[in-house]
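Chain and residue survey
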Amino acid sequence: MRFSNNPLFINTVLLGGTPEEKLIAASKAGFQQVELWRQDVENAKGNAQDVGTFTREQKLSLTDYQVLLDFDGAPDGEREDKRRLALEMLDTAVSLGATTLLTPASTHHACVAHREEDDLRWLVKEADKRGLRVAFEAMAWSTHINTTVQAWQMVQRINAPNLGLVVDAFHIFARNRTIADLAGIPMEKIFLVQLSDLSTLPGQDQLIDTARHSRLLPGQGNFPLYTLLDYLETQGYAGPLGLEVFNDSYHQQAPDEVAKEAMHALKRCIAQRGQ
(Lines give C-alpha, C1' and ligand atoms only; values in the text may rest on other atoms or scores of the structure.)
Protein backbone atom coordinates (compact mmCIF):
# COMPACT_ATOMS: atom_id res chain seq x y z
CA MET A 1 0.00 0.00 0.00
CA ARG A 2 1.29 3.45 -0.84
CA PHE A 3 1.91 5.83 2.05
CA SER A 4 2.79 2.72 4.06
CA ASN A 5 5.33 4.71 6.08
CA ASN A 6 3.04 7.65 6.77
CA PRO A 7 1.38 7.71 10.21
CA LEU A 8 -2.36 7.18 9.79
CA PHE A 9 -4.59 9.18 12.14
CA ILE A 10 -8.21 9.71 13.07
CA ASN A 11 -9.66 12.91 14.46
CA THR A 12 -11.59 12.09 17.62
CA VAL A 13 -14.48 14.28 16.42
CA LEU A 14 -15.65 11.33 14.31
CA LEU A 15 -16.21 9.09 17.32
CA GLY A 16 -18.86 8.98 20.01
CA GLY A 17 -18.25 7.79 23.56
CA THR A 18 -15.93 8.99 26.29
CA PRO A 19 -12.44 10.27 25.49
CA GLU A 20 -11.01 7.00 26.77
CA GLU A 21 -13.38 4.95 24.59
CA LYS A 22 -12.39 7.01 21.56
CA LEU A 23 -8.69 6.37 22.13
CA ILE A 24 -9.19 2.65 22.69
CA ALA A 25 -11.30 2.42 19.51
CA ALA A 26 -8.70 4.27 17.45
CA SER A 27 -5.96 1.94 18.64
CA LYS A 28 -7.98 -1.23 18.02
CA ALA A 29 -8.74 -0.07 14.48
CA GLY A 30 -5.03 0.24 13.73
CA PHE A 31 -4.52 4.00 13.73
CA GLN A 32 -1.10 5.18 14.86
CA GLN A 33 -2.13 8.70 15.77
CA VAL A 34 -5.11 10.79 16.84
CA GLU A 35 -6.01 14.45 16.57
CA LEU A 36 -7.13 15.28 20.09
CA TRP A 37 -9.56 18.06 20.93
CA ARG A 38 -9.46 20.38 23.90
CA GLN A 39 -12.92 19.07 24.86
CA ASP A 40 -11.57 15.52 24.99
CA VAL A 41 -8.94 16.56 27.50
CA GLU A 42 -11.44 18.51 29.59
CA ASN A 43 -13.89 15.57 29.68
CA ALA A 44 -11.34 12.84 30.31
CA LYS A 45 -10.51 11.25 33.63
CA GLY A 46 -7.54 12.88 35.29
CA ASN A 47 -5.43 15.78 34.05
CA ALA A 48 -3.67 16.36 30.73
CA GLN A 49 -0.65 14.37 31.81
CA ASP A 50 -2.91 11.43 32.62
CA VAL A 51 -4.55 11.71 29.19
CA GLY A 52 -1.14 11.70 27.55
CA THR A 53 -0.12 8.62 29.50
CA PHE A 54 -3.35 6.83 28.61
CA THR A 55 -2.88 7.72 24.93
CA ARG A 56 0.61 6.26 24.88
CA GLU A 57 -0.63 3.15 26.68
CA GLN A 58 -2.91 2.60 23.68
CA LYS A 59 0.22 2.79 21.47
CA LEU A 60 -1.00 6.06 19.98
CA SER A 61 0.78 9.35 19.46
CA LEU A 62 -0.80 12.74 18.90
CA THR A 63 -0.95 14.23 15.43
CA ASP A 64 -1.88 17.50 17.09
CA TYR A 65 -3.77 19.10 19.94
CA GLN A 66 -6.63 21.35 18.80
CA VAL A 67 -8.19 23.70 18.23
CA LEU A 68 -7.18 27.32 18.92
CA LEU A 69 -10.04 29.17 17.23
CA ASP A 70 -10.23 32.78 16.02
CA PHE A 71 -6.80 33.62 17.39
CA ASP A 72 -5.12 35.56 14.61
CA GLY A 73 -6.41 39.09 14.22
CA ALA A 74 -8.62 38.92 17.30
CA PRO A 75 -10.34 42.28 17.89
CA ASP A 76 -9.23 44.50 20.77
CA GLY A 77 -11.79 43.29 23.28
CA GLU A 78 -10.76 39.66 22.80
CA ARG A 79 -7.05 39.73 21.95
CA GLU A 80 -5.65 39.33 25.46
CA ASP A 81 -8.10 36.55 26.31
CA LYS A 82 -7.10 34.72 23.14
CA ARG A 83 -3.43 35.02 24.08
CA ARG A 84 -4.12 33.66 27.55
CA LEU A 85 -6.01 30.74 26.01
CA ALA A 86 -3.17 30.15 23.56
CA LEU A 87 -0.63 29.92 26.38
CA GLU A 88 -2.91 27.56 28.29
CA MET A 89 -3.31 25.32 25.23
CA LEU A 90 0.43 25.34 24.50
CA ASP A 91 1.15 24.26 28.08
CA THR A 92 -1.53 21.57 27.86
CA ALA A 93 0.03 20.30 24.63
CA VAL A 94 3.32 19.90 26.47
CA SER A 95 1.61 18.04 29.32
CA LEU A 96 -0.08 15.73 26.81
CA GLY A 97 3.18 14.98 25.04
CA ALA A 98 1.92 16.53 21.81
CA THR A 99 4.30 18.05 19.31
CA THR A 100 1.87 20.32 17.46
CA LEU A 101 -0.92 22.82 18.18
CA LEU A 102 -3.48 23.35 15.43
CA THR A 103 -4.95 26.79 14.76
CA PRO A 104 -7.13 27.74 11.78
CA ALA A 105 -7.27 31.16 10.20
CA SER A 106 -9.78 33.33 12.03
CA THR A 107 -13.45 33.21 11.13
CA HIS A 108 -14.34 36.17 13.35
CA HIS A 109 -16.41 38.78 11.52
CA ALA A 110 -14.31 41.53 13.13
CA CYS A 111 -10.96 39.87 12.48
CA VAL A 112 -8.27 42.57 12.18
CA ALA A 113 -6.44 41.68 8.97
CA HIS A 114 -3.30 43.75 9.57
CA ARG A 115 -2.71 42.00 12.94
CA GLU A 116 -3.03 38.41 11.77
CA GLU A 117 0.64 38.04 10.93
CA ASP A 118 1.82 39.63 14.19
CA ASP A 119 -0.45 37.37 16.22
CA LEU A 120 0.78 34.25 14.44
CA ARG A 121 4.40 35.33 14.91
CA TRP A 122 3.74 35.67 18.63
CA LEU A 123 2.11 32.22 18.78
CA VAL A 124 4.94 30.59 16.84
CA LYS A 125 7.54 32.10 19.18
CA GLU A 126 5.64 30.93 22.26
CA ALA A 127 5.31 27.47 20.75
CA ASP A 128 9.02 27.36 19.99
CA LYS A 129 9.86 28.14 23.61
CA ARG A 130 8.05 24.91 24.48
CA GLY A 131 9.50 22.83 21.66
CA LEU A 132 6.17 22.80 19.82
CA ARG A 133 5.06 23.33 16.23
CA VAL A 134 2.05 25.31 14.99
CA ALA A 135 -0.10 23.85 12.21
CA PHE A 136 -1.99 26.63 10.41
CA GLU A 137 -5.13 25.89 8.44
CA ALA A 138 -7.15 27.91 5.95
CA MET A 139 -10.82 27.09 6.42
CA ALA A 140 -13.27 27.62 3.59
CA TRP A 141 -15.13 30.27 5.59
CA SER A 142 -12.17 31.97 7.29
CA THR A 143 -12.59 35.73 7.14
CA HIS A 144 -9.46 36.69 5.20
CA ILE A 145 -7.30 33.59 4.75
CA ASN A 146 -9.62 30.96 3.27
CA THR A 147 -7.48 29.12 0.71
CA THR A 148 -4.36 27.02 1.05
CA VAL A 149 -2.60 29.48 -1.25
CA GLN A 150 -3.25 32.34 1.18
CA ALA A 151 -2.26 30.24 4.20
CA TRP A 152 1.01 29.29 2.49
CA GLN A 153 1.73 32.95 1.79
CA MET A 154 1.37 33.66 5.49
CA VAL A 155 3.62 30.74 6.43
CA GLN A 156 6.24 31.98 3.97
CA ARG A 157 6.18 35.52 5.36
CA ILE A 158 6.68 34.32 8.93
CA ASN A 159 9.31 31.83 7.77
CA ALA A 160 9.69 29.89 11.02
CA PRO A 161 10.85 26.24 11.13
CA ASN A 162 8.06 25.31 13.56
CA LEU A 163 5.22 26.78 11.47
CA GLY A 164 3.57 24.70 8.76
CA LEU A 165 0.29 23.95 7.05
CA VAL A 166 -2.74 21.75 7.53
CA VAL A 167 -4.04 20.53 4.17
CA ASP A 168 -7.73 19.66 4.56
CA ALA A 169 -9.46 18.12 1.54
CA PHE A 170 -12.80 19.56 2.63
CA HIS A 171 -11.60 23.15 2.56
CA ILE A 172 -10.10 22.67 -0.89
CA PHE A 173 -12.80 20.73 -2.71
CA ALA A 174 -15.87 22.22 -0.97
CA ARG A 175 -14.87 25.56 -2.50
CA ASN A 176 -14.50 23.84 -5.87
CA ARG A 177 -10.75 24.44 -5.84
CA THR A 178 -8.06 21.97 -6.95
CA ILE A 179 -4.66 20.65 -5.97
CA ALA A 180 -3.17 23.53 -7.95
CA ASP A 181 -3.41 25.29 -4.59
CA LEU A 182 -0.52 23.12 -3.37
CA ALA A 183 1.87 24.09 -6.15
CA GLY A 184 5.25 25.15 -4.81
CA ILE A 185 4.66 24.09 -1.21
CA PRO A 186 7.54 21.93 0.08
CA MET A 187 6.22 18.70 1.52
CA GLU A 188 8.02 19.22 4.83
CA LYS A 189 5.94 22.37 5.36
CA ILE A 190 2.74 20.33 5.26
CA PHE A 191 2.42 19.12 8.84
CA LEU A 192 -0.68 16.94 8.27
CA VAL A 193 -3.30 16.06 5.66
CA GLN A 194 -6.98 15.61 6.58
CA LEU A 195 -9.37 13.68 4.35
CA SER A 196 -13.15 13.61 4.14
CA ASP A 197 -15.77 13.47 1.38
CA LEU A 198 -19.07 14.96 0.22
CA SER A 199 -21.69 13.87 -2.29
CA THR A 200 -22.87 17.37 -3.19
CA LEU A 201 -21.07 20.68 -2.89
CA PRO A 202 -22.88 22.95 -0.42
CA GLY A 203 -23.87 26.50 -1.17
CA GLN A 204 -22.05 29.27 0.66
CA ASP A 205 -24.88 29.56 3.18
CA GLN A 206 -24.68 25.81 3.95
CA LEU A 207 -20.91 25.52 4.06
CA ILE A 208 -20.35 25.78 7.81
CA ASP A 209 -23.28 23.55 8.77
CA THR A 210 -22.19 20.88 6.28
CA ALA A 211 -18.60 21.02 7.46
CA ARG A 212 -19.55 20.59 11.11
CA HIS A 213 -22.27 17.97 10.79
CA SER A 214 -22.39 16.13 7.45
CA ARG A 215 -18.96 15.23 6.11
CA LEU A 216 -18.54 11.71 4.75
CA LEU A 217 -15.80 9.14 4.95
CA PRO A 218 -13.51 9.02 1.92
CA GLY A 219 -15.11 7.10 -0.91
CA GLN A 220 -18.68 7.89 0.15
CA GLY A 221 -18.88 11.06 -1.93
CA ASN A 222 -17.53 12.72 -5.04
CA PHE A 223 -14.46 14.64 -3.94
CA PRO A 224 -11.53 13.91 -6.32
CA LEU A 225 -9.41 12.72 -3.41
CA TYR A 226 -7.21 10.64 -5.69
CA THR A 227 -5.89 13.87 -7.26
CA LEU A 228 -4.68 15.03 -3.86
CA LEU A 229 -3.18 11.68 -2.92
CA ASP A 230 -1.53 11.17 -6.30
CA TYR A 231 0.07 14.58 -6.01
CA LEU A 232 1.28 13.97 -2.46
CA GLU A 233 2.75 10.62 -3.48
CA THR A 234 4.54 12.15 -6.46
CA GLN A 235 5.99 14.89 -4.27
CA GLY A 236 7.13 12.46 -1.57
CA TYR A 237 4.86 13.55 1.27
CA ALA A 238 5.94 11.65 4.39
CA GLY A 239 3.80 13.22 7.12
CA PRO A 240 0.60 12.18 8.91
CA LEU A 241 -2.36 11.28 6.73
CA GLY A 242 -5.82 10.76 8.15
CA LEU A 243 -9.46 11.59 8.67
CA GLU A 244 -11.29 14.66 9.88
CA VAL A 245 -14.95 13.77 9.48
CA PHE A 246 -17.61 15.72 11.34
CA ASN A 247 -20.76 13.60 11.06
CA ASP A 248 -23.43 13.54 13.75
CA SER A 249 -24.77 10.12 12.80
CA TYR A 250 -21.56 8.35 13.80
CA HIS A 251 -21.84 9.63 17.36
CA GLN A 252 -24.85 7.36 17.86
CA GLN A 253 -22.83 4.26 16.96
CA ALA A 254 -20.28 2.21 18.87
CA PRO A 255 -16.87 3.92 18.58
CA ASP A 256 -15.10 0.60 17.91
CA GLU A 257 -17.26 -0.05 14.84
CA VAL A 258 -16.96 3.49 13.54
CA ALA A 259 -13.18 3.50 13.93
CA LYS A 260 -12.95 0.17 12.11
CA GLU A 261 -15.12 1.45 9.25
CA ALA A 262 -13.05 4.63 9.13
CA MET A 263 -9.78 2.72 8.79
CA HIS A 264 -11.21 0.60 5.97
CA ALA A 265 -12.37 3.74 4.16
CA LEU A 266 -8.99 5.41 4.62
CA LYS A 267 -7.08 2.41 3.27
CA ARG A 268 -9.40 2.09 0.27
CA CYS A 269 -8.95 5.78 -0.47
CA ILE A 270 -5.19 5.55 -0.23
CA ALA A 271 -5.15 2.59 -2.62
CA GLN A 272 -7.17 4.40 -5.28
CA ARG A 273 -5.16 6.05 -8.03
CA GLY A 274 -6.24 8.27 -10.88
CA GLN A 275 -6.75 6.73 -14.28
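In this report, the structure presented in the accompanying data block is examined. (Residues numbered from 1 in each chain as written. Predicted model: local features only at pLDDT ≥ 70, side-chain atom pairs only at ≥ 80, totals over all residues. Heavy atoms only, no water.)

Bringing the pairing of strand S2 (residues 33–37) into the picture now. Working note: regular strand, side chains alternate between the two faces of the sheet. With respect to burial, S2 is a largely interior element, 5 of its 5 residues being buried. Side-chain alternation along S2 places Gln33, Glu35 and Trp37 on one buried face and Val34 and Leu36 on a second face that is also buried. Judged from the 3 bridges that link them, strand S1 (residues 8–11) and S2 form a sheet pairing that is parallel. Within the sheet, the bridge partner assigned to Ile10 lies in S2 and is Val34. (Buried < 20%, exposed > 50% of the residue type's maximum accessible area, 1.4 Å probe, protein only. Helix = DSSP H or I, 4+ residues; strand = E, 2+ residues; numbered from the N terminus. Pairing = 2+ DSSP bridges.)

Right, let's talk about the packing of helix H4 (residues 76–96) against helix H5 (residues 116–129) for a bit. Contact pair H4 / H5: the axes reach a minimum separation of 10 Å and the direction vectors enclose 25°. Here H4 is positioned roughly parallel relative to H5, judged by the angle of their axes. Where H4 crosses over H5, the handedness of that crossing is right-handed. In this structure, H4 contributes Arg79, Arg83, Ala86, Leu87 and Leu90 to the contact, and H5 contributes Asp118, Asp119, Trp122, Leu123, Glu126 and Ala127. (Axes fitted to C-alpha atoms, helices over the stretch in contact; angles between N-to-C directions. Parallel < 35°, antiparallel > 145°, perpendicular 65-115°, else oblique. Left-handed = near helix turned anticlockwise from the far one by under 90°. Contact = heavy atoms within 4.5 Å.)

Further remarks concern the nonpolar core. One finds Leu123 and Leu195 to be the most contacted residues of the largest nonpolar core, which totals 86 residues. Sort the elements by how many residues they give to this core and helix H10 (residues 255–271) lands first, with 8 residues. Counting 10 residues, the second-largest nonpolar core is a separate cluster that includes Phe9, Trp37, Leu102 and Val166. (Core = buried A, V, L, I, M, F, W, Y, C linked by side-chain atoms within 4.5 Å.)

The next thing to look at is unusual backbone geometry. Excluding glycine, a negative phi dihedral is what most residues carry, and trans is how most peptide bonds are arranged. Cis geometry is found at the peptide bond from Gln66 to Val67, where omega equals 5°. Backbone geometry places Asn159, a non-glycine residue, at a positive phi of 55°. Position of Asn159 relative to the elements: it lies in the loop between helix H6 (148–158) and strand S6 (163–168). Taking relative accessible area as the criterion, Asn159 reaches 64% and is therefore assigned exposed.

Summarising the element assignment, Ser142 is placed in the loop between strand S5 (133–137) and H6. Residues within four places of Ser142 in sequence aside, it is in contact with Ala105, Ser106 and Thr107.

This part covers the pattern of salt bridges. Scanning all chains against the criterion turns up 19 salt bridges. For Arg38, the salt bridge goes to Glu42, with nearest N and O atoms at 3.1 Å. Taken together, the positions of Arg38 and Glu42, both in helix H2 (residues 38–43) and 4 residues apart, correspond to about one turn of that helix. Two residues, Arg215 and Glu244, come together in a salt bridge whose shortest N-O distance is 3.4 Å. With Arg215 in the loop between helix H8 (207–213) and helix H9 (225–235) and Glu244 in the loop between strand S8 (241–243) and H10, this residue pair connects regions lying 29 residues apart in the sequence. With a relative accessible area of 2%, Arg215 lands in the buried category. With relative accessibility at 5%, the residue Glu244 sits in the buried group. (Salt bridge = Lys/Arg side-chain N within 4 Å of Asp/Glu carboxyl O.)

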